[in-house]
Amino acid sequence: MDHFLYRNGVLHAEDVAISEIAAAVGTPFYLYSTATLQRHFTLFDEALAGTEHLVCFAMKSNSNQAVLKVLAEVGAGMDVVSGGEYARAIAAGVPGEKIVFSGVGKTAQEMKDALTGGIRQFNIESEPEMLALSAVAQSLGVVAPITIRVNPDVDAKTHAKIATGKSENKFGIPIARAKDVYATAAALPGLKVIGIDVHIGSQLTELEPFRLAYQKVADLTEMLRAEGHDIKRLDLGGGLGIPYTRSNDAPPLPIEYGALIKDTLGHLGCEIEIEPGRLISGNAGVLISSVIYVKSGEDRDFLILDAAMNDLIRPAMYEAHHDIVPVIEAEAGVEQQPYDIVGPVCETGDTFTKQRMMPPLAPGDLVAFRSAGAYGAVMASEYNSRPLIPEVLVKDDQFAVIRKRPTYEEMINRDTIPSWL
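Conventions and cut-offs
Residues numbered from 1 in each chain as written. Predicted model: local features only at pLDDT ≥ 70, side-chain atom pairs only at ≥ 80, totals over all residues. Heavy atoms only, no water. Buried < 20%, exposed > 50% of the residue type's maximum accessible area, 1.4 Å probe, protein only. Helix = DSSP H or I, 4+ residues; strand = E, 2+ residues; numbered from the N terminus. Polar contact = N/O pair within 3.5 Å; in protein donor to acceptor, adjacent residues only side chain to side chain. Phe/Tyr/Trp six-rings, centres within 6.5 Å; stacked < 30°, edge-to-face > 60°. Lys, Arg positive; Asp, Glu negative; His and termini not counted. Salt bridge = Lys/Arg side-chain N within 4 Å of Asp/Glu carboxyl O. Contact = heavy atoms within 4.5 Å.

Undergrad: Where do I start with helix 3 (residues 65-73) in this structure?
TA: It helps to recall that an α-helix has 3.6 residues per turn; residues three or four apart then point in one direction. Every buried residue belonging to helix 3 is among Ala66, Val67, Leu68, Val70 and Leu71, and all of these are buried. Where helix 3 begins, one side-chain oxygen reaches toward the backbone nitrogen of Ala66, 2.9 Å away; that side chain belongs to Asn64. Gly75, located one to two residues past helix 3, shows a positive phi value of around 105 degrees.

What follows is the structure, encoded as structure tokens:
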């Protein structure tokens, strides 16, 4: 469920007409719903009720400061994968003890910053990283709490570019080597082993891959405890998918996911961490764009929008589907027609969808890309010297720009001309 609904024929974000926001802000722009963000976090939190747990928002899906503050205020921790994300979490007021540091290539400086500023744990991805973190911690006179990410070699049955739990993926250590790697970690003076980490991929639409991975984690927990390791925390990653279409073929609900966690791991008495991103922010956001032209081709019509692949790269990068709807609802019975919906960037890949059935549209009409709150603005670029588009947050009947659109002058002034030119 989200809070983007038609009222009197106009698509609203909570209690604000999107057409009013477009008139004030200009298109294209991203638009987020406070109520949806809060609701989706609460669904995960309630799904783990009865267990010691922390729900950490995966910031890589959406790292706007206002979004982070909304989630922090309802109790979310943060899962970060870079020094920049860590700095953003701290700036948003998230305490270090609620920040988990993931990622395969943490630098010594990033480790130092997190150890100095406060960190809940590092999720270690490799033996070289483990050695580097121990050295940094020793140089600061502290001990770094760690889990070690294991790769369970489980097929997440998702897009190849977002699968992370198979043996050929770059993430984690092979679970078959866990015993030796944990022994090495326990012997390093700058580290304290506290648990196990696993994450098998993103946009999973069935529970069985989670079950297979978590059963392996349960077996590993018991084996490591028998070896003398104090395994008290299990970081289970994220990955539960969202419905990108309005069909009835919806992914499992958070309550079902929570029941699976309790069923497979509840007997171990461990604190549970999960790190959802997409399911919290994805359907909490839309991308609003205007039609520039309607162009007739040889055998098809094109809707040319003012949003482009640099604003929303998921269709070009992942062949991803987004429902696209007019902001002004079509009258009942209006015959729809197929359009290729494209942006103005000089790339054939700047195509959002082909032959999508839509009501007739004209230049100036507004459309909304649903399910655009995750991996939208965070993956945007200024390709073709197109400014990053604004982000807007709605709460009840209010809205605010939470990241403004830069001017051409601001973009150009970031460049520096050398003295010899």
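So that's the structure; there's more coming.
Undergrad: What should I look at first to understand the packing of aromatic side chains in this one?
TA: Aromatic rings considered in pairs are described by the distance between their centres and by the relative angle of their planes. Applying the stated criterion to the full structure yields eight aromatic pairs. Seen in terms of ring centroids, Phe101 and Phe122 are 5.9 Å apart; in terms of plane orientation they differ by 20 degrees. Their pairing is stacked. A residue pair is termed long-range when its members are at least 10 positions apart, and Phe101 in strand 7 (residues 99-101) and Phe122 in strand 8 (residues 121-124) qualify at 21 residues. The pair Phe101 / Phe122 is uniform in exposure class, with both members buried. Here a set of aromatic residues connected by ring pairs shows up, and it is made of Phe44, Phe210, Tyr214 and Tyr257.

Undergrad: Any chance you could explain the side chain of Arg356 here in plain terms?
TA: Assignment of secondary structure puts Arg356 in strand 18 (residues 351-358). No salt bridge forms around the buried Arg356; measuring N to O, its nearest opposite-charge neighbour Asp323 is 4.7 Å away. Polar contacts involving the side chain of Arg356 include one to the side chain of His321, which spans 3.3 Å. One polar contact links the side chain of Arg356 to the main-chain carbonyl oxygen of His322, over a distance of 2.9 Å. Non-local contacts of Arg356, meaning those with residues more than four positions away in its chain, are made with His321, His322, Asp323, Ile324, Gln337, Pro338, Tyr339 and Ile341.

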